[in-house]
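So the chains spell out like this:
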Amino acid sequence: MTATTTPSDAVASTEAGPFVLEGRHLVKEFSAGARSGILRRRPTLRAVDDVSLGLRRGEVTALVGQSGSGKSTLGRMLARLMPLTSGTILLGGQEVPAASGRGLREYTGAVQLTLQDPFASLNPLRRVEYILSRAVRIHQGPADGGEVRHRCAALLERVGLTPTDRYLDRYPHELSGGERQRVSFARALAASPAVLLADEPVSMLDVTIRKAMLDLIDDLRREEDLAVLYITHDLGSARRYSSEVLVMHEGRVVERGPSEQVITDPQDAYTRRLLAAAPDPERKSTRAG
Ligand SMILES: Nc1ncnc2c1ncn2[C@@H]1O[C@H](COP(=O)(O)OP(=O)(O)O)[C@@H](O)[C@H]1O
Ligand SMILES: [Mg+2]
């Protein structure tokens, strides 16, 4: 059924296996005055405009576009942290109802979102052990304190933060940007997700540690058989770490296809501009991680 109802603009889910997570004709509109609290009628902004996409287990799909193109909004829609204006989300081929409740808990376990700035999502008043233990208790069921600490340590080990005792007792501000990003991956893994939506996981990190972070995501993809949506504005890393690229511009997917093909032979004018403007990753230096 999925194969025949797949929208024509999505990649067909045939030989390569079924999609674990699929979005069809996703639309998100914001009223332009919403942020400033102005109630007066304002024109709406289509932040996501009829986007269809499918993610497969064991594969990284890159969502590439410049700032403001709608990438994070799409990520939040797929994580069901934001209601859809219209469109459909399917998990494991099943349509996900809009209503919350028990179904939503299952959904958020299966589909985990990590953010560009993990500082914003890690409680600054809590140690890493507490932050992870909450996720462990929610997603892995009841266990005594010793067992929970043990599970938290296993998660830290999974993301390369060792010796784990040293990290369990730290506060987020005592970690580097890269370490914080790893803690947010560890927290996501507590749910044993099928899908990881990684929103700009390296754009705030120092260039010297970006590769290690992307290698970690690639390891997780392989070892946990995760479907990964790698959200980035960097086409270079998309080429190296993803099998498929979707280029997003002003809310729409303007080009999609195998990464190598999109990057070496872009068909869309916007993709070409994005490539021409791409900074040399070796020379680029940003905020320290
Ligand atoms: N909660 C919101 N309310 C109003 N506008 C929003 C909201 N979130 C995002 N936007 C707008 O939607 C557009 C897409 O934003 P975003 O998804 O964050 O893009 P990206 O992640 O590609 O930088 C931007 O114009 C942004 O200002
Ligand atoms: Mg964003």
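Residues numbered from 1 in each chain as written. Chains lettered and ligands numbered in written order. Predicted model: local features only at pLDDT ≥ 70, side-chain atom pairs only at ≥ 80, totals over all residues. Heavy atoms only, no water.

**Observations regarding the overall build of the protein**
Reasoning step 1: Each helix and strand counted, the protein has twelve helices and ten strands in total.
Reasoning step 2: A burial count over the protein gives 46% of its 289 residues as buried.
Reasoning step 3: The contacts in the protein between residues at least 6 apart in sequence include a share of 68% that link residues at least 24 apart.
Reasoning step 4: Carbon and sulfur atoms provide 49% of the accessible area of the protein, an area that totals close to 14300 Å². (Helix = DSSP H or I, 4+ residues; strand = E, 2+ residues; numbered from the N terminus. Buried < 20%, exposed > 50% of the residue type's maximum accessible area, 1.4 Å probe, protein only. Contact = heavy atoms within 4.5 Å. Areas by Shrake-Rupley, 256 points an atom, 1.4 Å probe, with all protein chains shown as cover.)

**A closer look at the pairing of strand β3 (residues 60-64)**
Reasoning step 1: With five of its five residues buried, β3 lies for the most part within the structure.
Reasoning step 2: Neither face of β3 is left uncovered, since the one carrying Val 60, Ala 62 and Val 64 and the one carrying Thr 61 and Leu 63 both have all their residues buried.
Reasoning step 3: Both β3 and strand β8 (residues 227-232) contribute to a ladder of five bridges, which runs parallel. Looking across to β8, one finds that Leu 63 is bridged to Ile 231.
Reasoning step 4: Pairing analysis gives four bridges linking β3 to strand β9 (residues 244-249), with the strands arranged parallel. (Pairing = 2+ DSSP bridges.)

**Concerning the confidence of the model for the protein**
Reasoning step 1: Overall, the prediction assigns the protein a mean pLDDT of 88, with 86% of residues at 70 or greater.
Reasoning step 2: Segment residues 1-14 is flagged for pLDDT under 50; beyond a separation of four residues in sequence, or across chains, it makes 29 contacts in the model. (pLDDT = per-residue confidence, 0-100.)

**A closer look at the nonpolar core**
Reasoning step 1: Leu 156, Val 183, Phe 185 and Val 245 are the most contacted members of the largest nonpolar core, which totals 46 residues.
Reasoning step 2: Not counting residues within four places of it along the chain, the set of residues in contact with Leu 156 comprises Val 128, Leu 132, Leu 161, Thr 164, Tyr 167, Leu 168 and Val 183.
Reasoning step 3: Counting 27 residues, the second-largest nonpolar core is a separate cluster that includes Leu 21, Val 48, Met 77 and Leu 229. (Core = buried A, V, L, I, M, F, W, Y, C linked by side-chain atoms within 4.5 Å.)

**Topic: the sheet that holds strand β6 (residues 111-114)**
Reasoning step 1: Read across the open sheet, the six strands follow the order β6-β7-β8-β3-β9-β10; overall the sheet is mixed. Two strands bound the open sheet, and with one partner strand each, they are β6 and β10 (252-258). Averaged over all neighbouring strand pairs, the angle between strand axes comes to 15°, with direction disregarded.
Reasoning step 2: The sheet strands contacting helix α2 (residues 71-78) are β3, β6, β7 (195-199), β8 and β9, and the helix crosses β8 at an angle near 155°.
Reasoning step 3: In the packing of helix α8 (residues 177-189) onto the sheet, the strands contacted are β6 and β7, and the crossing angle to β6 comes to about 170°. (Axes fitted to C-alpha atoms, helices over the stretch in contact; angles between N-to-C directions.)

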